[in-house]
Amino acid sequence: MTGLSEKYAKSIEELESRIIQLLIKALSEKGEVAFTVKDEMLKKIEEIVYQSYTPLQYERRGSAGGLADPDNISIYVKQDGNEVKMIIRNLIEGNKEVDYSTGTVAPNHLAGIIEYGRTSGLYARNRYGTQDQYMKPRPFTQKTAEALRREKKHIDALIKELNRLGVKAKRL
């Protein structure tokens, strides 16, 4: 009888708590869901950001410390009441000599400038009049979320991760 107390929840609250803990574990930064989300974001960075133009004044850092570096994509999982939230952010920092905050919708870092664009402030114009090509929004984060909602790759990854953790899960 001792095994039953561990195998079965004694109350709805205990069951809810166990489910939340399983989800937190399944959504961890080292798991299949995080890998899937990062992979989708990296595809969107290539497609929406890097393919939009080739820079003339600087060299992109790409996957070596730049926007497309998986180490710059942060995954944070937290419990909020009876919900589990996965927060994904690209924490890339720009050149330390440049003021990236002026004219940028929060968050005030390089990923924010790329996502939302820049229409005023430092570097919002250039001498060639081609700033619109470079400073318009390139919403890689938004497009990542849209692709995930449409294709449901993160759901498949969650199911795979839950099964790995011993929960028999499948898509309905």
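Structure: above.
Fair warning: this is a prediction, and the values are worked out from it, not measured in the lab.

J.: I'm lost on the overall build of the protein in this one. Help?
T.: Within the protein, the regular secondary structure consists of seven helices and two strands. Secondary structure elements of the protein occur, N-terminal to C-terminal, as α-α-α-β-β-α-α-α-α. Within the protein, counting contacts between residues at least 6 apart in sequence, those at least 24 apart form 49% of the total.

J.: Sorry, what's going on with the nonpolar core here?
T.: Within soluble globular proteins, side chains that are nonpolar generally end up buried alongside one another. Ranked by size, the top nonpolar core spans 12 residues in total: Met41, Ile45, Val49, Tyr50, Leu67, Ala68, Ile73, Ile92, Leu110, Ala111, Ile114 and Phe140. For this core, the elements supplying multiple residues, two or more each, are α3 (32-49) and α4 (110-116). Core analysis: the second largest hydrophobic core is formed by 11 residues, Ala34, Ile75, Leu158 and Leu162 among them.

J.: Can you walk me through the pairing of strand β2 (residues 83-90) in this structure?
T.: Working note: regular strand, side chains alternate between the two faces of the sheet. In this structure, strand β1 (residues 73-80) lies alongside β2, joined through eight bridges in antiparallel fashion. From the neighbouring strand, Lys78 faces β2, where its bridge partner is Lys85.

J.: Explain the packing of aromatic side chains here, please?
T.: The description of an aromatic ring pair rests on the distance of the ring centres and on the angle between the ring planes. One pass over the structure, following the stated rule, counts zero aromatic pairs. Positioned over the ring face of Tyr53 is Arg60, at 4.9 Å from the centre of the ring.

J.: Where do I start with the packing of helix α2 (residues 12-26) against helix α7 (residues 153-164) in this structure?
T.: Each pair of packed helices gets described by two things: the angle between the helix axes and the distance between those axes. Contact geometry of α2 with α7 gives a least axis separation of 10 Å together with a crossing angle of 110 degrees. Taken together, α2 and α7 sit at an angle that is classed as roughly perpendicular. In the packing of α2 onto α7, the handedness of the crossing is right-handed. Where α2 abuts α7, its residues Leu22, Leu23 and Ala26 lie against Leu158, Glu161 and Leu162. Its residues placed into classes, the contact of α2 with α7 shows five nonpolar, no polar and one charged.

J.: Honestly, the pattern of salt bridges in this entry has me stumped. Any pointers?
T.: Any two side chains of opposite charge can pair, on the condition that their charged atoms come close. What the rule picks out here adds up to 13 salt bridges. Ionic pairing is found between Glu47 and Lys44, a salt bridge with its closest N-O pair at 3.4 Å. With Glu47 and Lys44 both in helix α3 and three residues apart, this pair spans about one turn of that helix. Given a relative accessible area of 44%, Glu47 falls into the partly exposed group. When salt bridges with common partners are traced through the structure, they connect Glu40, Lys44, Glu47, Arg150, Glu151 and Lys153 into a single cluster.

Cut-offs used in this document
Residues numbered from 1 in each chain as written. Predicted model: local features only at pLDDT ≥ 70, side-chain atom pairs only at ≥ 80, totals over all residues. Heavy atoms only, no water. Helix = DSSP H or I, 4+ residues; strand = E, 2+ residues; numbered from the N terminus. Contact = heavy atoms within 4.5 Å. Core = buried A, V, L, I, M, F, W, Y, C linked by side-chain atoms within 4.5 Å. Buried < 20%, exposed > 50% of the residue type's maximum accessible area, 1.4 Å probe, protein only. Pairing = 2+ DSSP bridges. Phe/Tyr/Trp six-rings, centres within 6.5 Å; stacked < 30°, edge-to-face > 60°. Lys NZ or Arg CZ within 6 Å of the ring centre and 35° of its normal. Axes fitted to C-alpha atoms, helices over the stretch in contact; angles between N-to-C directions. Parallel < 35°, antiparallel > 145°, perpendicular 65-115°, else oblique. Left-handed = near helix turned anticlockwise from the far one by under 90°. Nonpolar A, V, L, I, M, F, W, Y, C, P; charged D, E, K, R; others polar. Salt bridge = Lys/Arg side-chain N within 4 Å of Asp/Glu carboxyl O.

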